[in-house]
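# Analysis of the macromolecular model
Listed here are the chains, written in short residue letters.
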Amino acid sequence: MNVRKATAVGLVTTYLMLTACTTMQSAPQAVQSTPEKAKNVIMIIGDGMGPQQVGLLLAYAKQAPNSVITDGTTAFDRIAANGRMGISMTHANNNLVVDSAASATQLATGQLAGAEMVGTNKDGNSAESILEKAKKLGKSTGLVSDTRITHATPAGFAAHQSHRSLENEIAVDLLNNNVDVMLSGGLRYWIPESANDEQSAVRQELEVLSEGSVVIKSKRKDNRNLIAEAQQKNYDLAFNRSQMEKADGKILGLFAYSALPNGITEHQTKNDPARTIPTLKEMSEKAINSLSKNDKGFFLMIEAGQIDWAGHYNDTGTMLHEMLRLNETLNHVLDWAEGRDDT
């Protein structure tokens, strides 16, 4: 993505590009060298996150008497100390209020997008994404989200549809785009309508595959079985944390009927040995470990998507937990990238 295009994209956030967070050293004033191209790119998106949400996390970390961030240092402090931070603002074409689909599309493609559109420019034409550019370079690609893998943000990177609500079609696009690792929720758009019949063979097969970990219920309007198609494309399937840990190579992990649990539930159940749903950090860790096996590098988008949902509900308690979830994930990624000169 060149500089001219980069100025045109963004959410309304302060955090988005991780490509220069911990590994880029500033050249001496007298020598202005051109930095080498990064082999790996990790983009972390806090959907709906702006300065106020970051400020909430910082105030909690530094001022709350019993903060779980015991040293008062957040991942954003680490980025500010070791990298570069700025504000990237976007608006959908001819629309004052942006939505996640247009935002993600602009981050992914560098082109102005229409409201509610995914993977298209303002005229509704398909726009090549950074994920698709990475695939052309032989890199591995991944999408991780705590919402649904067919939701607006991941869709903006690997689907091309006129409206974000077309999640059945988006699921097909994601599969056709051959994204190497997809970890999220949203099983309902991947299984055939016939799975709603409790006596059907496909329903029984899915219950065995999922080990009873996910509600088997479809929102498709056809009998296309994208799970079976994924198997034919050599994806390892995962429907719970244990299956994800064992999966290798190309991985499709769908851990919930719709979205994954919110940040409060994740915090409350994190240490439960019977927990079946992976955390955002665990999914991100798995994705990085899998994708980094490619000598040509990888592109990975990680979305903390329920920050946005907490904002819709004006729910400060949930908002804080969503920011803590993002902070934990971002710290893990920064730890992984620390000392590397290729990410």
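Below, the structure is looked at part by part. (Residues numbered from 1 in each chain as written. Predicted model: local features only at pLDDT ≥ 70, side-chain atom pairs only at ≥ 80, totals over all residues. Heavy atoms only, no water.)

Moving on, we get to the overall build of the protein chain. Counting secondary structure elements, the protein chain contains 14 helices and six strands. Burial analysis of the protein chain (343 residues in total) assigns 54% to the buried set. At a minimum sequence separation of 6, the contacts of the protein chain that also span at least 24 residues come to 70%. Accessible surface, the protein chain: about 15,500 Å² in total, of which carbon and sulfur atoms supply 48%. (Helix = DSSP H or I, 4+ residues; strand = E, 2+ residues; numbered from the N terminus. Buried < 20%, exposed > 50% of the residue type's maximum accessible area, 1.4 Å probe, protein only. Contact = heavy atoms within 4.5 Å. Areas by Shrake-Rupley, 256 points an atom, 1.4 Å probe, with all protein chains shown as cover.)

We now examine helix H2 (residues 51–63). The α-helix advances 3.6 residues per turn, and as a result positions three or four apart in sequence lie on the same side. In this model H2 runs 17 Å from its N-terminal to its C-terminal C-alpha over 13 residues, within 8% of the 18 Å that 1.5 Å per residue would give. By the burial criterion, the buried members of H2 are Gln53, Val54, Leu57, Tyr60 and Ala61. Taken end-on, H2 shows its buried residues confined to a sector of 125°, consistent with a single buried face. In H2, the exposed residues that point more than 90 degrees away from the buried face are Gln52 and Gln63. Where H2 is buried, its residues contact helix H3 (75–82), helix H13 (306–312) and helix H14 (316–337). (Expected span 1.5 Å × (residues − 1). Arc of directions from axis to C-beta.)

Attention now goes to the nonpolar core. In terms of nonpolar packing, the biggest core is built from 44 residues, with Leu143, Phe157, Trp190, Ile227, Leu252 and Phe299 touching the most fellow members. Among the elements that line this core, the one with the most residues is helix H7 (residues 167–176), at five residues. Ignoring anything within four residues of it in the chain, the contact list for phenylalanine 157 reads Met43, Ile45, Ala104, Leu107, Ala108, Ser129, Ile130, Leu131, Leu143, Phe299 and Met301. Of all hydrophobic cores here, the second largest spans 42 residues; its members include Ile44, Ala75, Val144 and Ile307. (Core = buried A, V, L, I, M, F, W, Y, C linked by side-chain atoms within 4.5 Å.)

As a further point, take the packing of helix H12 (residues 280–291) against H14. The N-to-C vectors of H12 and H14 enclose an angle of 25°; their axes lie 8 Å apart at closest approach. Classified by the angle their axes make, H12 and H14 are roughly parallel. Considering only the axes of H12 and H14, their crossing is right-handed. Contacts between H12 and H14 pair Leu280, Lys281, Ser284, Glu285 and Ile288 from the former with Arg325, Glu328, Thr329, His332, Val333 and Trp336 from the latter. Class assignment of the residues belonging to the contact of H12 with H14 gives a composition of four nonpolar, three polar and four charged. (Axes fitted to C-alpha atoms, helices over the stretch in contact; angles between N-to-C directions. Parallel < 35°, antiparallel > 145°, perpendicular 65-115°, else oblique. Left-handed = near helix turned anticlockwise from the far one by under 90°. Nonpolar A, V, L, I, M, F, W, Y, C, P; charged D, E, K, R; others polar.)

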